[in-house]
Amino acid sequence: MENVIKIDNLVKTYSKKGENKTGLTAVGGISFTVQKGEIFGLLGPNGAGKTTTLEIIEGLNTQTSGTVTVLGLDNLKQPDEIKKRIGIQLQSSQYLHHLTLGELLDLFSSLYGKKQMGTDTRTDEHGRKQLLELVNLSDKENAEVKDLSGGQKQRFTIATSLVHNPEILFLDEPTTGLDPKARRDLWELVKTLNRRGITIVLTTHFMEEAEFLCHRVAIMDSGKLLEIDEPRKLIDRLSDTTQISFFTETKLNQEVFSGIPEIKKVYADYPKVILEISSLDKISAIVDLLKTKQIIFYGFTVKTASLEDVYLDLTGKEYEQ
Ligand SMILES: Nc1ncnc2c1ncn2[C@@H]1O[C@H](COP(=O)(O)OP(=O)(O)OP(=O)(O)O)[C@@H](O)[C@H]1O
Ligand SMILES: [Mg+2]
């Protein structure tokens, strides 16, 4: 596996204005790598240090100590070369008024010094159209940003960060403030870009999003790295227990389930029954048993641990959105 980002013992402290006191440590000595082709998620509560970390990698901020290498380039010695090869979507973006999306894309493209957008063989117009098509805004080429919905604006921001064919794309909370449909559209876009070979580093306040999108996640709190791994591995490490719950019409005797040893616990509090099982394979055996014993049940639900549970366990905090 090829590392495209390598962070070693990264520290960022801010001094307190007008005082000689010890400053605030936004990032307190973290190390990690991001591999080529990954979707990598940085998670953590407000003030954890996610944006600070991203901004240092992106060359928009500098570290107090530690080393940062992006695509083999040093962030302090070669920031301009890094910027040419990465795309950045900030936590919030402002655009020039009275320019259409098409004109803005041309402007961004010229800022990067590219005569042609998209691939080097496309014409400007063709490249612009392909980019708008990619982010599903083909019909908005002549619209202004102020006329876009929140989700459309986020997708357009991503388009602007793609004009120079970056190898790594940074997305800081790309779906905050979007409705569920717009959020899912953005997930599709992120997956599409990743399938085209772009490495993606994102922050998010949605655990479901991180679980769905990210190959690996790093969980931060107060400038420290708490865990880093594939979401599934973090979840399995926390709990291999599945919870099944349902309601019954008649009161149940706990002994009913004694024939299924994979059931680790039975909570029967009429009308609700909760079973904890260690193997998902036994779900059908439980349903069969209830049918055989002619127990009428309803509201049957299966709940496995999620990244949300891992996050809560590590940080002790519900995610603020
Ligand atoms: N320019 C700055 N000067 C002083 N302190 C700063 C500055 N920028 C960030 N901080 C502080 O550094 C800490 C980390 O901030 P950062 O923006 O990296 O958090 P975050 O994890 O991105 O949070 P959020 O989820 O709210 O976006 C916070 O305590 C913040 O107040
Ligand atoms: Mg932030």
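Quick caveat: nothing in here was measured; it's all calculated off a predicted structure.

**Some thoughts on the overall build of the protein chain**
Phase 1 of the analysis: If you tally the helices and strands in the protein chain, you get 10 helices and 14 strands.
Phase 2 of the analysis: Taking the principal axes of the C-alpha coordinates as reference, the protein chain spans close to 75 × 55 × 40 Å.
Phase 3 of the analysis: A buried classification covers 30% of the 321 residues belonging to the protein chain.
Phase 4 of the analysis: In the protein chain, of all internal contacts separated by at least 6 residues, the share reaching a separation of at least 24 is 67%.

**Quick look at the site of ligand 1**
Phase 1 of the analysis: Surrounding ligand 1, one finds Tyr14, Leu24, Ala26, Gly44, Asn46, Gly47, Ala48, Gly49, Lys50, Thr51 and Thr52.
Phase 2 of the analysis: Sorting the residues of the shell around ligand 1 by element identifies β2 (24-35) and α1 (50-58) as the ones contributing at least two each.
Phase 3 of the analysis: For the shell around ligand 1, the class distribution of residues is four nonpolar, six polar and one charged.

**Topic: the environment of proline 261**
Phase 1 of the analysis: Tracing the backbone through its elements, the reader meets proline 261 in the loop between β11 (242-248) and β12 (263-269).
Phase 2 of the analysis: Proline 261 sits in the exposed class, given 11 other C-beta atoms within 10 Å.
Phase 3 of the analysis: For the pair proline 261 and lysine 282, spaced 21 residues apart in sequence, the C-alpha separation works out to 9.7 Å.

**As for the domain arrangement of the protein chain**
Phase 1 of the analysis: Each assigned domain of the protein chain is listed with its residue range as follows: domain 1 (3-234) and domain 2 (240-304).
Phase 2 of the analysis: Placing the centre of domain 1 and that of domain 2 at their C-alpha centroids yields a distance of 45 Å.

**Considering the sheet that holds strand β13 (residues 272-277)**
Phase 1 of the analysis: Spatially, the four strands line up as an open sheet ordered β12-β13-β11-β14, and their pairing is antiparallel. Of all strands in the sheet, those bounded by a partner on one side alone are β12 and β14 (297-304). Taken pair by pair, the neighbouring strands of this sheet meet at an average axis angle of 15°, ignoring direction.
Phase 2 of the analysis: Relative to β13, β12 is paired through six bridges, and the arrangement is antiparallel. In the sheet register, valine 266 faces β13, and the bridge partner there is leucine 275.

**So, the packing of helix α5 (residues 150-160) against helix α6 (residues 180-195)**
Phase 1 of the analysis: Axis separation between α5 and α6 bottoms out at 9 Å; the angle between their running directions is 20°. The angle between the axes of α5 and α6 places the two elements in the roughly parallel class. Viewed along their axes, α5 and α6 form a crossing whose handedness is right-handed. Residue-level contacts link Gly150, Gly151, Gln154, Arg155 and Ile158 of α5 to Ala182, Asp185, Leu186 and Leu189 of α6.
Phase 2 of the analysis: Of the residues in the contact of α5 with α6, the class split is four nonpolar, three polar and two charged.

**Focus on the confidence of the model for the protein chain**
Phase 1 of the analysis: In the predicted model, the protein chain carries a mean pLDDT of 89, and the fraction of residues at 70 or more is 92%.
Phase 2 of the analysis: Averaged pLDDT values over the elements of the protein chain bottom out at 82 in helix α4 (residues 124-134) and peak at 98 in strand β4 (residues 65-70).
Phase 3 of the analysis: pLDDT under 50 marks residues 115-123. Its contacts with residues more than four places away, or in other chains, come to 17 contacts.

**A look at the pairing of β14**
Phase 1 of the analysis: Counting buried residues along β14, only zero of its eight residues qualify, which leaves the element largely exposed.
Phase 2 of the analysis: Direction of pairing for β11 relative to β14: antiparallel, over a ladder of six bridges. Bridge pairing links phenylalanine 247 to tyrosine 298 in β14.

**Observations concerning the pairing of strand β9 (residues 216-221)**
For a regular strand, side-chain orientation follows a simple rule: the groups alternate between the two sheet faces.
Phase 1 of the analysis: Pairing of strand β3 (residues 39-43) with β9 involves four bridges; the strand directions are parallel. Residue pairing in the sheet places leucine 42 in a bridge with alanine 218 of β9.
Phase 2 of the analysis: Where β9 lies against strand β10 (residues 224-229), five bridges are found, and the strand directions are antiparallel. Residue pairing across strands places aspartate 221 opposite lysine 224, the latter belonging to β10.
Phase 3 of the analysis: Connecting the antiparallel pair β9 and β10 is a turn made up of two residues, with serine 222 showing a positive phi of about 50°.

**With respect to the sheet that holds β2**
Strand pairing in a sheet is mediated by backbone hydrogen bonds. Such pairs are either parallel or antiparallel.
Phase 1 of the analysis: A sheet is described by the order of its strands in space; here four strands give the open sequence β2-β1-β4-β5, paired in antiparallel fashion. The sheet is open, and its two borders are formed by β2 and β5 (73-74), each paired with just one other strand.
Phase 2 of the analysis: Of the pairings in the sheet, the one linking strand β1 (residues 3-14) to β4 comprises five bridges and is antiparallel in character. By the bridge assignment for β4, lysine 6 is matched with threonine 69.

**Let's talk about unusual backbone geometry**
The phi torsion of most residues other than glycine is negative, and most of the peptide bonds are trans.
Phase 1 of the analysis: In this chain, tyrosine 270 is followed by proline 271 through a cis amide linkage whose omega measures 5°.
Phase 2 of the analysis: Of note in the backbone geometry, asparagine 9 takes a positive phi value of approximately 50° without being a glycine.
Phase 3 of the analysis: Among the secondary structure elements, asparagine 9 is positioned in strand β1.
Phase 4 of the analysis: The class of asparagine 9 is exposed, set by 12 C-beta atoms lying within 10 Å.
Phase 5 of the analysis: Although it is not a glycine, serine 222 sits at a positive phi angle of roughly 50°.
Phase 6 of the analysis: Residue classification places serine 222 among the partly exposed residues on the basis of 15 C-beta atoms within 10 Å.

Cut-offs applied
Counting starts from 1 at the beginning of each chain's written sequence and moves along it residue by residue. Each chain takes a letter, starting from A, and each ligand takes a number, starting from 1, following the order in which they are written. With pLDDT at 70 or above as the cut-off, local features in this predicted model cover only qualifying residues; side-chain atom pairs require 80 or more to be listed or tallied, and sums for whole chains, interfaces and linings still use all residues. Only DSSP runs of H or I with at least four residues qualify as helices, and only runs of E with at least two residues qualify as strands; both kinds are numbered from the N terminus onward. Burial is judged by counting the other C-beta atoms within 10 Å of a residue's own C-beta: 20 or more makes it buried, 12 or fewer makes it exposed, and any count in between marks it as partly exposed, with every C-beta position built from the backbone. We call two residues in contact if the C-beta atoms placed from their backbones are at most 7 Å apart. Nearness between a residue and a molecule or strand is assessed with a C-beta atom placed from the backbone; a distance within 6 Å qualifies. The nonpolar class holds Ala, Val, Leu, Ile, Met, Phe, Trp, Tyr, Cys and Pro. Asp, Glu, Lys and Arg form the charged class, and all remaining residues, Gly among them, are polar. Marked domain ranges trace back to an automatic or database domain assignment. The pairing criterion is simple: DSSP has to find at least two bridges between the two strands. In this description, a line fitted to the C-alpha atoms serves as the axis of each element, helices being fitted only across the stretch in contact, and the angle between N-to-C directions of two axes falls anywhere from 0 to 180 degrees. Throughout, the term roughly parallel applies to angles under 35 degrees, roughly antiparallel to angles over 145, roughly perpendicular to angles from 65 to 115, and oblique to all others. By definition, turning the near helix anticlockwise from the far helix through less than a right angle yields a left-handed crossing, and turning it clockwise yields a right-handed one. For every residue, the predictor reports its confidence as pLDDT, a number between 0 and 100.

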